[in-house]
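Chain by chain, the residues:
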Amino acid sequence: MLLQSSENQDLAALALDKAWPALIDLAAGGGCEAPSAEHCPLWRLYAPVAQGRADPAFVIGQLGQSLDGRVATATGKSRYISGPQAIRHLHRLRALVDCVVVGVGTVVADDPQLSVREVEGPCPARVVIDPNFRLPAQARMLCDGAAPIYAVQSEAGERPAGVIPVLAPQTGDSIAPKDIVSALAKLGFKRILIEGGAATVSAFLAAVVLDRLHLSIAPLVIGSGPIGINLPPIDELDGALRPSTMTHQLGRDVLFDCAFEMR
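Residues numbered from 1 in each chain as written. Predicted model: local features only at pLDDT ≥ 70, side-chain atom pairs only at ≥ 80, totals over all residues. Heavy atoms only, no water.

Take the overall build of the chain next. Along its length, the chain carries six helices and eleven strands. For a compact globule of 263 residues, the expected C-alpha radius of gyration is about 18 Å, and the chain comes in at 18 Å, within 12% of that figure. For the chain, the spread of C-alpha atoms along the principal axes amounts to about 55 × 45 × 35 Å. For the chain, the proportion of its 263 residues judged to be buried stands at 47%. (Helix = DSSP H or I, 4+ residues; strand = E, 2+ residues; numbered from the N terminus. Rg over C-alpha atoms; globule rule 2.2 N^0.38 Å. Buried < 20%, exposed > 50% of the residue type's maximum accessible area, 1.4 Å probe, protein only.)

Of the consecutive residues D55 and P56, the connecting peptide bond is found in the cis state with omega at 5 degrees. Inspection of the secondary structure assignment puts P56 in the loop between α2 (43–50) and β1 (58–66). The omega angle of the peptide bond from R79 to Y80 is -10 degrees, so this bond is cis rather than trans. On the secondary structure map, Y80 appears in the loop between β1 and α3 (84–96). Its identity is not glycine, yet D111 carries a phi of approximately 50 degrees, on the positive side. Here D111 is to be found in the loop between α4 (104–110) and β3 (125–129). In this structure, F133 takes a positive phi of about 60 degrees despite not being glycine. Topologically, F133 is positioned in the loop between β3 and β4 (149–153).

With respect to the helices, strands and loops of the structure, G172 is situated in the loop between β6 (170–171) and β7 (174–175). Since its relative accessible area comes to 62%, G172 is described here as exposed. Once the C-alpha coordinates of G172 and S182 are considered, the two residues, ten residues apart in sequence, prove to be 18 Å apart.

Looking now at the packing of aromatic side chains. Counted under the stated rule, the structure contains two aromatic pairs. Where W20 meets Y46, the ring centres are 6.0 Å apart and the plane angle is 80 degrees; that geometry is what we call edge-to-face. Here W20, found in helix α1 (residues 6–27), pairs with Y46, found in helix α2; they are 26 residues apart in sequence, far enough to count as distant. Ring geometry for Y150 and F189: centres 5.4 Å apart, planes at 85 degrees, overall edge-to-face. Of this pair, Y150 sits in strand β4 while F189 sits in the loop between α5 (177–186) and β8 (191–196), placing them 39 residues apart in sequence. In this structure Y150 comes out as buried when scored by relative accessible area, which is 13%. Under the relative-accessibility criterion, F189 is labelled buried at 10%. (Phe/Tyr/Trp six-rings, centres within 6.5 Å; stacked < 30°, edge-to-face > 60°.)

Our focus in this paragraph is the pattern of salt bridges. Under the definition given, this model contains ten salt bridges. R88 is the salt-bridge partner of D17, the closest N and O atoms lying 3.6 Å from each other. One end of the pair, D17, is in helix α1; the other, R88, is in helix α3, and 71 residues separate them in sequence. Assessed through its relative accessible area of 39%, D17 is described here as partly exposed. Between R94 and E195 there is a salt bridge, with the nearest N and O atoms lying 2.6 Å from each other. Of the two residues, R94 sits in helix α3 while E195 sits in strand β8, which places them 101 residues apart along the sequence. The burial state of R94 is the same as that of E195; both residues are buried. Overlapping salt bridges, with partners in common, bring together D17, R88 and R92 in one network. (Salt bridge = Lys/Arg side-chain N within 4 Å of Asp/Glu carboxyl O.)

Ranked by size, the top nonpolar core spans 43 residues in total, and within it W20, L23, Y46, L96 and M141 carry the most contacts. Of all elements in the fold, only α1, α2, β1, α3, β2 (99–103), α4 and β4 reach the threshold of two or more residues within this core. Among the elements that make up this core, the one with the highest residue count is α1 (nine residues). Contacts of Y46, omitting those with residues within four sequence positions, involve L16, L23, H89, R92, L93 and L96. (Core = buried A, V, L, I, M, F, W, Y, C linked by side-chain atoms within 4.5 Å. Contact = heavy atoms within 4.5 Å.)

Shown next, in the form of structure tokens:
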């Protein structure tokens, strides 16, 4: 990949800003003529999300990590590994999907809002995987009224006001990703963003339910701490996942757009 000059990046961002309303309309079910790659090189990054279709739902994961594959320091500090343009990219993804999913550990550790603030566009429903009822009643997302909030659980139980339970069967200590996707699809969520944390994204990738993965690599070396993608071990490289990939530069970060054809 040839790194873009800052001038070329600015031109690409300007073209995307002009095309952004059309992408929002595309996600809402509207039709539009795709601009040429020359006029809007980032269209091919977002259009597959906006028009994503799969059975029972189109599922995209996203993760930001360092050059050495870390998503936080050894003490758990992760703000901010990704640069401002990569964060803006995440907000664009949120605006193009029906719901954004995180594990409850991410809510406890980072208290994210999971709303759309960096770009124009609708805020998706927020979904927390929480079979053990750990969702804090003081979580910021519960107070902003930006979009409905759902909690995936395997049995009935008391929730903070405004949290809508979503029942899915539990196997062992967890709820299978495919059952989570199925339960959310039944609610009408047809484009689903798996945002974090790393263990949650890894679980969905290992379960072969991701259609796409956006992996953003920031130019820093942390040296220790939790890693991003962590899958069950394989014996031979023939068993490695080999998605079709495209790369895009987001400021100083490099984004790998990975398309899977496993399901």
